[in-house]
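Tertiary structure, described
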Amino acid sequence: MEYLESSVDGKREMSSVIPHHGVDQDENENDDSELKILQETIYDLISDIKDPEKADSLEDLNVVSETGVKVKRLQDGQVLANIEFVPTVPHCTLASIIGLSIRSKLDQSLPKKMKIDIFIKKGTHDTAEEINKQINDKERISAAMENPNLQKLVASCIDPEDT
């Protein structure tokens, strides 16, 4: 698997992101290191997403952290990324927008072959269970993203310079 390092902002960008499934010890070690690089790349992608209410990034507000991003290979060879985030307050009204922004950014940046699960860290939000269902349900995501106002809000979080 090859990765292209960006020299402009120091963040990793991917030219190919799905590692191949290894068979022997050397290939398993390569697979582990490639999954680690993919994990770091995913964190780089989501860390600069802007909070919907503040000018700060999700990383600056400790909403996302490197320890909240886990990548593993499933038995069928598919890669699964689990992203866990912590809203700024337990009653954050825009937690679903944060989750939707994370999903949108990763859907735009990662290959379709990859499975992405996004969750609010347990015990950090009053309605985490309902929001987790919303941000991991393809039909709900699709319906939400048909709303032009919501599209604009998510776009402003993902790439504030373009809005």
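Looking at an unreviewed UniProt entry, one finds the protein named Mip18 family protein fam96a and attributed to Plakobranchus ocellatus. Here the protein is described in UniProt, under the heading Sequence similarities (unreviewed entry), as follows: "Belongs to the MIP18 family."

As for the environment of Val 86
Relative to the helices and strands, Val 86 is located in the loop between strand 4 (79-85) and helix 2 (95-109). The partly exposed category is assigned to Val 86, whose relative accessible area is 28%. Here the alpha-carbon distance between Val 86 and Ile 120, two residues 34 residues apart in the chain, equals 5.8 Å. With residues near it in sequence (within four places) discarded, Val 86 still touches Asn 62, Val 63, Lys 121 and Thr 124.

Looking at the sheet that holds strand 3 (residues 69-73)
Sheet strands associate in pairs through backbone hydrogen bonding, adopting either a parallel or an antiparallel arrangement. Strands sit in the order 3-4-5 across an open sheet of three strands; the sheet is mixed. Edge strands, defined here as strands with exactly one partner in the open sheet, are strand 3 and strand 5 (115-120). Looking at each pair of strands side by side, their axes are set apart by 15° on average, direction ignored. By the bridge criterion, six bridges tie strand 4 to strand 5 in an arrangement that is parallel. Residue pairing in the sheet places Ile 83 in a bridge with Ile 118 of strand 5. On top of the sheet, helix 2 reaches strand 4 and strand 5; it is set at about 160° to strand 5, its chief contact. On the sheet, helix 3 (residues 128-135) packs against strand 4 and strand 5 and is oriented at approximately 160° with respect to strand 5.

A few points about a negative patch on the surface
On the surface, Asp 56, Glu 59, Asp 60 and Glu 66 cluster together to form a negatively charged patch. Secondary-structure assignment places Glu 66 in the loop between helix 1 (25-47) and strand 3.

What to know about helix 5 (residues 148-158)
Taken as a whole, helix 5 has its buried residues at Leu 150, Val 154, Cys 157 and Ile 158. End-on view of helix 5: buried residues confined to an arc of 95°, all on one side of the axis. The exposed residues of helix 5 that point more than 90 degrees off its buried face are Pro 148, Asn 149 and Lys 152. The secondary structure elements touched by the buried residues of helix 5 are helix 2 and helix 4 (138-144).

A short note on the side chain of Ser 57
Here Ser 57 lies in the loop between helix 1 and strand 3. From its side chain, Ser 57 meets the backbone nitrogen of Asp 60 in a polar contact 3.0 Å long. For Ser 57, the residues in contact, after removing those within four places along its chain, are Ser 47, Asp 48, Ile 49 and Lys 50.

Cut-off values and rules
- Residues numbered from 1 in each chain as written.
- Predicted model: local features only at pLDDT ≥ 70, side-chain atom pairs only at ≥ 80, totals over all residues.
- Heavy atoms only, no water.
- UniProt positions renumbered as here; feature names shortened; annotations may be inferred.
- Helix = DSSP H or I, 4+ residues; strand = E, 2+ residues; numbered from the N terminus.
- Buried < 20%, exposed > 50% of the residue type's maximum accessible area, 1.4 Å probe, protein only.
- Contact = heavy atoms within 4.5 Å.
- Pairing = 2+ DSSP bridges.
- Axes fitted to C-alpha atoms, helices over the stretch in contact; angles between N-to-C directions.
- Patch = residues over 30% accessible without salt bridge, like charges linked within 9 Å, V, L, I, M, F, W, Y side chains within 5 Å.
- Areas by Shrake-Rupley, 256 points an atom, 1.4 Å probe, with all protein chains shown as cover.
- Salt bridge = Lys/Arg side-chain N within 4 Å of Asp/Glu carboxyl O.
- Lys, Arg positive; Asp, Glu negative; His and termini not counted.
- Charge placed at Lys NZ, Arg CZ, Asp CG, Glu CD.
- Arc of directions from axis to C-beta.
- Polar contact = N/O pair within 3.5 Å; in protein donor to acceptor, adjacent residues only side chain to side chain.

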